[in-house]
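Structure assessment
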Amino acid sequence: MTGLDRLSLNQITTKRWSLPEAVRGCVDAGIPAIGLWRDKVAETGLARSAKLCRDAGLAVSTLCRGGFLTPVEPTARRAALADNLRAVEEAAELGTDTLVMVVGGLPDGSRDLPGARQRVADMIAELAPHAGDLGVRLAIEPLHPMFCADRAVVSTLAQALDLAAPHPATQVGVVVDSYHVWWDPDLPAQIARAGRTGRLASYQVCDWTLPLPTDALLGRGHVGDGHIDFRTLTDLVTVAGYTGWIEVEIFNERIWDTPGEQTLRTLTERHLAHVAAP
């Protein structure tokens, strides 16, 4: 055991790297898994991406992302459904059992939040059986409430678990992303609930740093640079029974502009200092 045994690099953290570069970086840094992004997979090719990871001995922790399930107009809704069915099939081909779902915000001009949430539930119900047939779990990711209008009408782990509840746990689970849920006073109870119901599909980490940039999406920092208590959060998911990959996912222009090798050195050091079991 090296302390890195459950560490995964989410590919967005080294956004400037191609998929082959990210695979090589993980191997060189001793990181045993990678979370892939669909755009990078498309650049490289699905079959080649799967082979690169297999040949390097890397597990694929997740595929990011499916979702954006809230269109009202029938043509747009059919397109969203078709794209998500493809995403499920891509995840299966890549060898991951977890498709991260960012469910989508309000359609342009809409203020109907309950309606958008119902459309998410309806689309999950259509996708879940197909995902289950292919051995892929839809992992619903709640996003911080500041992203409710444009990215995710699901803002809390409780909401995500409510959406997952009608479906088998093998088909629909949830993501615990530190950046999005650390603030929630109900988080300990909801992580415990996710554990009891077998819904913990992914644990993603990065820190909440201040000041927030103009584009708040890019306000994530390296673990240890901000305000999140990772020991407590990791203990919560561990006690709840989570034994899967711990995926570092950072959106930050400064970090993206840093040489990838340096980013991975920092990432592994911070993982050992703040997240991995002492």
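1. Some words on the nonpolar core
- Core analysis: the largest hydrophobic core is formed by 87 residues, its most contacted members being L36, L138, V176 and Y203.
- It is helix 5 (residues 113-133) that provides the largest number of residues to this core, a total of 7 residues.
- If we ignore the near neighbours within four places in the chain, the residues touching L36 are Q11, L19, V41, C53, V60, T62, L63, C64 and L94.

2. Remarks on the sheet that holds strand 2 (residues 33-37)
- With parallel pairing, 8 strands are arranged side by side around a closed barrel as 1-2-3-4-5-6-7-10. The average undirected angle you get between the axes of adjacent strands in this sheet is 30 degrees.
- Judged from the 3 bridges that link them, strand 5 (residues 137-140) and strand 6 (residues 172-177) form a sheet pairing that is parallel. Bridge pairing in strand 6 places L138 opposite V172.
- Relative to the sheet, helix 6 (residues 157-164) contacts strand 5 and strand 6, its axis offset from that of strand 6 by approximately 170 degrees.

3. A word on the packing of helix 3 (residues 46-56) against helix 4 (residues 74-94)
- In contact at an axis separation of 9 Å, helix 3 and helix 4 are set at 35 degrees when each is read in the N-to-C sense. Residues L46, S49 and A50 of helix 3 pack against E90, E93 and L94 of helix 4.
- For the contact of helix 3 with helix 4, the class distribution of residues is 3 nonpolar, 1 polar and 2 charged.

4. Overview of the environment of R117
- Along the polypeptide, R117 turns up in helix 5.
- The sequence separation of R117 and A152 amounts to 35 residues, and the corresponding C-alpha distance is 9.2 Å.
- Dropping the residues within four chain positions of it, R117 is found in contact with C148, V153, Q159 and L163.

5. Some remarks on the packing of aromatic side chains
- Counted by the stated rule, this structure contains 5 aromatic pairs.
- Plain terms: the ring middles of W37 and F251 are 6.0 Å apart, the flat faces sit at 75 degrees to each other, and that makes the pair edge-to-face. Residue W37 is found in strand 2, and its partner F251 is found in the loop between strand 10 (246-248) and helix 10 (253-256); the two are separated by 214 residues along the sequence. Each member of the pair, W37 as well as F251, carries the same accessibility label: buried.
- An aromatic cluster is present here, built from W37, F251 and W256 joined pairwise through their rings.

6. Re the side chain of R137
- Positionally, R137 belongs in strand 5.
- The side chain of R137 is buried and forms no salt bridge, while D97, the nearest opposite charge, is found at 6.0 Å.
- Ignoring sequence-local partners within four residues, the contact set of R137 consists of D97, T98, L99, A169, T170, Q171, V172, G173, G198, R199, L200 and A201.

Analysis parameters
Residues numbered from 1 in each chain as written. Predicted model: local features only at pLDDT ≥ 70, side-chain atom pairs only at ≥ 80, totals over all residues. Heavy atoms only, no water. Core = buried A, V, L, I, M, F, W, Y, C linked by side-chain atoms within 4.5 Å. Buried < 20%, exposed > 50% of the residue type's maximum accessible area, 1.4 Å probe, protein only. Helix = DSSP H or I, 4+ residues; strand = E, 2+ residues; numbered from the N terminus. Contact = heavy atoms within 4.5 Å. Pairing = 2+ DSSP bridges. Axes fitted to C-alpha atoms, helices over the stretch in contact; angles between N-to-C directions. Nonpolar A, V, L, I, M, F, W, Y, C, P; charged D, E, K, R; others polar. Phe/Tyr/Trp six-rings, centres within 6.5 Å; stacked < 30°, edge-to-face > 60°. Lys, Arg positive; Asp, Glu negative; His and termini not counted. Salt bridge = Lys/Arg side-chain N within 4 Å of Asp/Glu carboxyl O.

From the geometry alone we can't say anything about function, so treat these as descriptive.
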